[in-house]
Structures are given as structure tokens and as C-alpha cells.
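# A closer look at the structure
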Amino acid sequence: MAFEANQDYYRGRGAQVNTHNKFLKNRYVAQHIEALDEPMLQNGKTQIFEETPRQIVSKSNSPDLSHMHSINPYQGCEHGCIYCYARNSHEYYGFSAGLDFERKIIVKRNAPELLEEYFNKRKYKPLPIVLSGNTDCYQPIERELEITRRMLKLFLQYRHPVSIITKNNLVLRDMDILEELAKLNLIHVNISITSLDEQLRQKLEPRTVTSIGRLNVIEKLSAKGVPVRVMTAPIIPGLNSNEVPAIIKAAANRGAVDAGFTIVRLNGSIGEIFTDWIHKTFPDRAEKVLNLIRECHGGNLNDSEFGRRMGGEGEVSESIQQLYRVACNKFLAGRVMPDYDLSLFTPKAGKQTALF
């Protein structure tokens, strides 16, 4: 795919703008650029911010994410995926969903302690918890802080089911824990692959592991008995939608036992961020891609309707879903993600009631 060079393009970042935070009364604007001593928007270094939450497990009441419990040890994500739905959540912290999202990372160092408190609540009954439902639990800062690893140790200690969603090969660092969880049917790992085209991957997800690297992760996890699902998400019509069968085939060849997908939706500030990005990155096809996205969402770039928002509707959406179903039937036939064993949960002796 052709990429038009742009001297104002922030390489190594996904977003090329900082959109206005709708929760803030004022906004920064450049009205007289010739009078500024330095550019208003620069590609600065990643900054780390600390948060000390009082609880760590989030519960979703969305009908299409029924009973989903998740933990996000980090807010913001240095991977910089241009399409990420989690960008909007950064506005709650007073930041922009654009460049701020991928260079101002909020960490929750006390997440493991809060998780253990959660496990030991009175009459607690285990349900699978997802790491991470919002931002990647294996982004670069995890290599240093090991918050995710500390939580995985607790999942194993308490015999509690957990699911991981990531696109970083750092997950292999924790193979020792994942292998033990797998023996007890307490782990599902979801590896996201949006494209096998390395040039496209670099533009969509500038600070992520290569697609080959992620396929290697699937292979290594599968070889140790860890069940892996490949997530072809999000599918962007006119950009990566033609790759669905190839991605599922490649993942299946390396041991994946299941697949999942979503069609891109550009809610909130993501519509402005993505529109700006695609005109700068793929100007020759920008309007075509945007129009195809609109066809999947009733003429809009966004869609918040439960049951429809992630799969879309219309002819374009149906053709993508059919392509996905055919690929799954062809390459994943007879394979299944094992059920979690919820019977093994073991609260710490004497602690479950001692807290209350």
C-alpha cells in the first residue's frame, strides 16, 4: 500500500492530532502561528501518571457484553492503535483521546492488592475476569512494573478463571503462570491481529509487535497447552477486510482454536482522529474507506446500538461476516475453546470472612 510522505506526520504514533476533550470548558487553538515560539503540538516522550483507585474490577451491563468483568491496570496505551475504542475513556482523566492517549499513560500499581481484596469479599462467586477489556495489559511499561504478572499470580493462587486480550509478545514472559492456569482450565488468551501486511500494520498500530511476532506468540502458547483465540478486530472495510481468511488460516496453522471479530466503529472523538489519520496516510482511498464504514453503520461512522454496534449491518457488513464464517468453518472446524472450571476457586483460608 502506498504511503504518502508528510513532513508533519508524527511517525511512531497513531493519532496525528489532539482532539478537544468534551469535558473541558476551554480548548487550545493556534490562531496566530507566526507568533508562536514553538509548535503547539509535538511528538513528545511518553509520560507516566499514577492513579490509586479504590476498586479495580469493572462490571459491564451492556447486553452484548453480558456479565463481563474486566481489569485495566493501565489507562491510555502506548501501542497507538488508530482505531482504538478506548481512546474516548482518556477524556475522563482530563486528557485528549488523540496523541495524549498514547503518550500519557496512567498506571494502577495497587491493582493486585485490590484484586485480592475482591477475591476475598464475603460470599464472592467466581466469574471469568478479562485482562484487559479496555487497554492492553501488556503494553511497554508492563515490562518494568509487572502489574499484570502480579495479578496473574493471584489468579493462579486463588484458582480463578481469567481471560487475556493482547497484541504484545510480552505475554510470553508469563508462560510459567499461563501454563499452570491452562492445566486447570482457568485461562483463555486472545491475540489480536488486524493485518498480515506489515506496511499497513505499522500505520494502523505503530508501536505493536509485527503480525509474524503475534503468530509466533499463538504458536508458542498453543504448544504449551494454552488455549488461544485470534481476534480479527477491528475489520476496516476497504483497508483490511480482504485479509480475514488469511489471518484466520495463519492463526489456525499455529494452533489457534477459535476466532472472533468486530467491525470498526468510530464513536466519540475517534471519528475525528481516524478521519484525519486516513486522509494523511492513505489519501487515495480515504473517502472510500470512510463511506464503507458508514455503510456498515446506517450512514454513520459511529454506532452505539447494542447487538448491532460491533457487527454492523447492511450488505458490506454481511459480506464481511460471511467471509469470516466461511474462514472459521474451513480452518477451525472441530476446534473449541475449553470451558472454564469455576469449581476450583479457593479463597485464602480464614481471610474471606476475616475482612467482614
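This write-up is about the structure you can find in this document. Bear in mind that the values here come from a model prediction, so they are computed numbers and not experimental data.

Here the focus is the sheet that holds strand β1 (residues 47-50). Read across the open sheet, the three strands follow the order β1-β5-β4; overall the sheet is mixed. Of all strands in the sheet, those bounded by a partner on one side alone are β1 and β4 (74-75). The pairing of β1 with strand β5 (residues 104-107) spans four bridges and is parallel. By the bridge assignment, phenylalanine 49 is partnered in β5 with isoleucine 106.

For helix α2 (residues 111-119), the buried fraction is high: seven of the nine residues fall into the buried class. Every buried residue of α2 is accounted for by Ala111, Pro112, Leu114, Leu115, Glu116, Tyr118 and Phe119.

Turning our attention to the pairing of β5. If a strand is regular, its side chains alternate between the two faces of the sheet. Of the two faces of β5, the one holding Lys104 and Ile106 and the one holding Ile105 and Val107 are both buried throughout. In the sheet, β4 pairs with β5 via two bridges, with the strands oriented antiparallel. Bridge pairing in β5 places glutamine 75 opposite isoleucine 106.

Turning to the nonpolar core, a few remarks are in order. If you look at the biggest cluster of nonpolar residues, it comprises 67 residues, and the most contacted ones within it are Leu115, Phe119, Leu152, Phe155 and Leu181. In this structure, phenylalanine 155 is in contact with Ile71, Leu115, Phe119, Ile129, Leu131, His160, Pro161, Val162 and Leu181, ignoring residues within four places of it in sequence. With 28 residues, the next largest nonpolar core counts Ala86, Ala97, Val264 and Phe274 among its residues.

This part covers the sheet that holds strand β7 (residues 162-166). Sheets are built from strands paired through backbone hydrogen bonds, the pairs being either parallel or antiparallel. Spatial strand order, β2-β3-β6-β7-β8-β9-β10: seven strands in an open sheet with mixed pairing. Looking at the sheet topology across the chains shown, the edges are occupied by β2 (57-59) and β10 (258-263). Averaged over all pairs of adjacent strands, the angle between strand axes in this sheet comes to 25 degrees, irrespective of strand direction. Pairing between strand β8 (residues 187-192) and strand β9 (residues 228-235): four bridges, direction parallel. When the bridges of β9 are listed, serine 192 appears paired with methionine 231. Along the sheet, helix α11 (residues 314-331) makes contact with β9 and β10, crossing β10 at roughly 170 degrees.

Bringing the packing of helix α10 (residues 286-296) against α11 into the picture now. Packing of α10 against α11 leaves a shortest axis separation of 6 Å and a crossing angle of 90 degrees. Of the possible angle classes, the one that applies to α10 and α11 is roughly perpendicular. Residue-level inspection shows Leu292, Glu295 and Cys296 of α10 in contact with α11, the latter providing Gly314, Val316 and Ser317. Of the residues belonging to the contact of α10 with α11, the class tally is three nonpolar, two polar and one charged.

Turning to a nonpolar patch on the surface, a few remarks are in order. Nonpolar side chains collect at one region of the surface, where Phe23, Tyr92 and Tyr93 lie side by side and expose about 360 Å² of accessible area between them. Within the fold, tyrosine 93 resides in the loop between β4 and α1 (99-103). Residue class for tyrosine 93 comes out partly exposed when judged on its relative accessible area of 31%.

With that settled, consider the pattern of salt bridges. One pass over the structure, following the stated rule, counts 18 salt bridges. Here lysine 22 ties to glutamate 91 by a salt bridge, and the two come within 2.7 Å at their closest N and O atoms. Of the two residues, lysine 22 is situated in the segment before β1 and glutamate 91 in the loop between β4 and α1; the sequence distance between them amounts to 69 residues. With a relative accessible area of 54%, lysine 22 lands in the exposed category. The exposure class assigned to glutamate 91 is buried, which follows from its relative accessible area of 1%. With a shortest N-O distance of 2.9 Å, aspartate 174 and arginine 173 are connected by a salt bridge. Three or more residues joined by partner-sharing salt bridges are found here, namely Glu142, Arg149, Arg173, Asp174 and Asp176.

In this section: the packing of aromatic side chains. Geometrically, a pair of aromatic rings is defined through the distance of the ring centres and the angle of the planes. Taken as a whole and judged by the stated rule, the model has 12 aromatic pairs. A centroid spacing of 5.5 Å and a plane angle of 75 degrees characterise the contact between tyrosine 124 and phenylalanine 345, whose relative ring orientation is edge-to-face. Here tyrosine 124 is found in the loop between α2 and β6 (129-131), whereas its partner phenylalanine 345 is found in the loop between α11 and α12 (351-354), with 221 residues between them in sequence. Judged by centre distance (6.4 Å) and plane angle (25 degrees), the rings of tyrosine 158 and phenylalanine 345 are stacked. Placement of tyrosine 158 in the loop between α4 (147-157) and β7 and of phenylalanine 345 in the loop between α11 and α12 is noted, with a sequence separation of 187 residues between them. On the basis of relative accessible area, tyrosine 158 is assigned to the buried category, the value being 1%. One aromatic cluster in this structure is built from Tyr118, Phe119, Tyr124, Phe155, Tyr158 and Phe345.

Calculation criteria
Residues numbered from 1 in each chain as written. Predicted model: local features only at pLDDT ≥ 70, side-chain atom pairs only at ≥ 80, totals over all residues. Heavy atoms only, no water. Pairing = 2+ DSSP bridges. Helix = DSSP H or I, 4+ residues; strand = E, 2+ residues; numbered from the N terminus. Buried < 20%, exposed > 50% of the residue type's maximum accessible area, 1.4 Å probe, protein only. Core = buried A, V, L, I, M, F, W, Y, C linked by side-chain atoms within 4.5 Å. Contact = heavy atoms within 4.5 Å. Axes fitted to C-alpha atoms, helices over the stretch in contact; angles between N-to-C directions. Parallel < 35°, antiparallel > 145°, perpendicular 65-115°, else oblique. Nonpolar A, V, L, I, M, F, W, Y, C, P; charged D, E, K, R; others polar. Patch = residues over 30% accessible without salt bridge, like charges linked within 9 Å, V, L, I, M, F, W, Y side chains within 5 Å. Areas by Shrake-Rupley, 256 points an atom, 1.4 Å probe, with all protein chains shown as cover. Salt bridge = Lys/Arg side-chain N within 4 Å of Asp/Glu carboxyl O. Phe/Tyr/Trp six-rings, centres within 6.5 Å; stacked < 30°, edge-to-face > 60°.

No statement about biological role is implied by the geometric values presented.
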